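Residue strings, one per chain:
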Amino acid sequence: MKIMIAEDDEKIAQLEKDYLEINGFETEIISDGALVLKKLEMETYDLILLDVMLPNCSGYDICRKIRNEIDIPILMVTARSEGADIIRGLGLGADDYITKPFSLPALYAKIMAMMARLRGERPMEKLKKGGVEMDLRTGQVMICGQKCEMPPKEY
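First, a word on scope: everything that follows refers to the structure included in this document. Nothing here was measured: the structure is a model prediction, and the numbers come from that model.

Turning to the sheet that holds strand E3 (residues 47-50), a few remarks are in order. Across the sheet, which stays open at both edges, the five strands sit in the order E2-E1-E3-E4-E5 with parallel pairing between neighbours. Two strands in the sheet have a free side with no partner beyond their single neighbour: strand E2 (26-30) and strand E5 (96-99). Along the sheet, successive strands turn relative to each other by an average axial angle of 20°, direction set aside. Inspection of the sheet shows E3 paired to strand E4 (residues 74-78) by three bridges, in the parallel sense. Residue pairing in the sheet places Leu 49 in a bridge with Leu 75 of E4. Relative to E4, helix H3 (residues 59-69) is tilted by about 175°, and along the sheet it contacts E3, E4 and E5.

Here you go:
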């Protein structure tokens, strides 16, 4: 699966890229809003992580243009967390919205949930990695078969 990361903050973009590639995704970073639209004309992506505040073309404008031409999942990733900003992004056609700062596992979970919905699959109920298992319905965490209690922030 190929993901476009439309993000002008180099550190955030690189963190997203590294985390997603470790989890098996192919990624490409585009840091300029105008280049996002040009790149979409030349290449195919399975999903776009779209920052709202990009130079030369805002994420809102990009979202509007994409929705008029391409059917592709859009996850807006931005520091703009006001209700009006979220409503605007979703109203323009974004499939979901995550605000900065965010955890990389939360971003990954949103991507997986979006892709499952688009494929008509049931939502992910459990995450497993090595000896760690998380039940997303109950919030229970098991490490090597042992129940692990933890505060919500750590979860």
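Structure shown, so let's carry the discussion forward.
This part is about the sheet that holds strand E9 (residues 146-148). Pairing is antiparallel across the open sheet formed by four strands, whose spatial order is E6-E7-E8-E9. In this open sheet, the two edge strands, each paired with only one partner strand, are strand E6 (126-129) and E9. On average, each strand axis in the sheet is tilted by 25° relative to the strand beside it, whichever way the strands run. Across four bridges, E6 lies against strand E7 (residues 132-135) in antiparallel orientation. Each residue of the ladder has a partner; that of Lys 129, found in E7, is Val 132.

Rules used throughout
Residues numbered from 1 in each chain as written. Predicted model: local features only at pLDDT ≥ 70, side-chain atom pairs only at ≥ 80, totals over all residues. Heavy atoms only, no water. Pairing = 2+ DSSP bridges. Helix = DSSP H or I, 4+ residues; strand = E, 2+ residues; numbered from the N terminus. Axes fitted to C-alpha atoms, helices over the stretch in contact; angles between N-to-C directions. Contact = heavy atoms within 4.5 Å.

Purely spatial values, then, with no claim about function.
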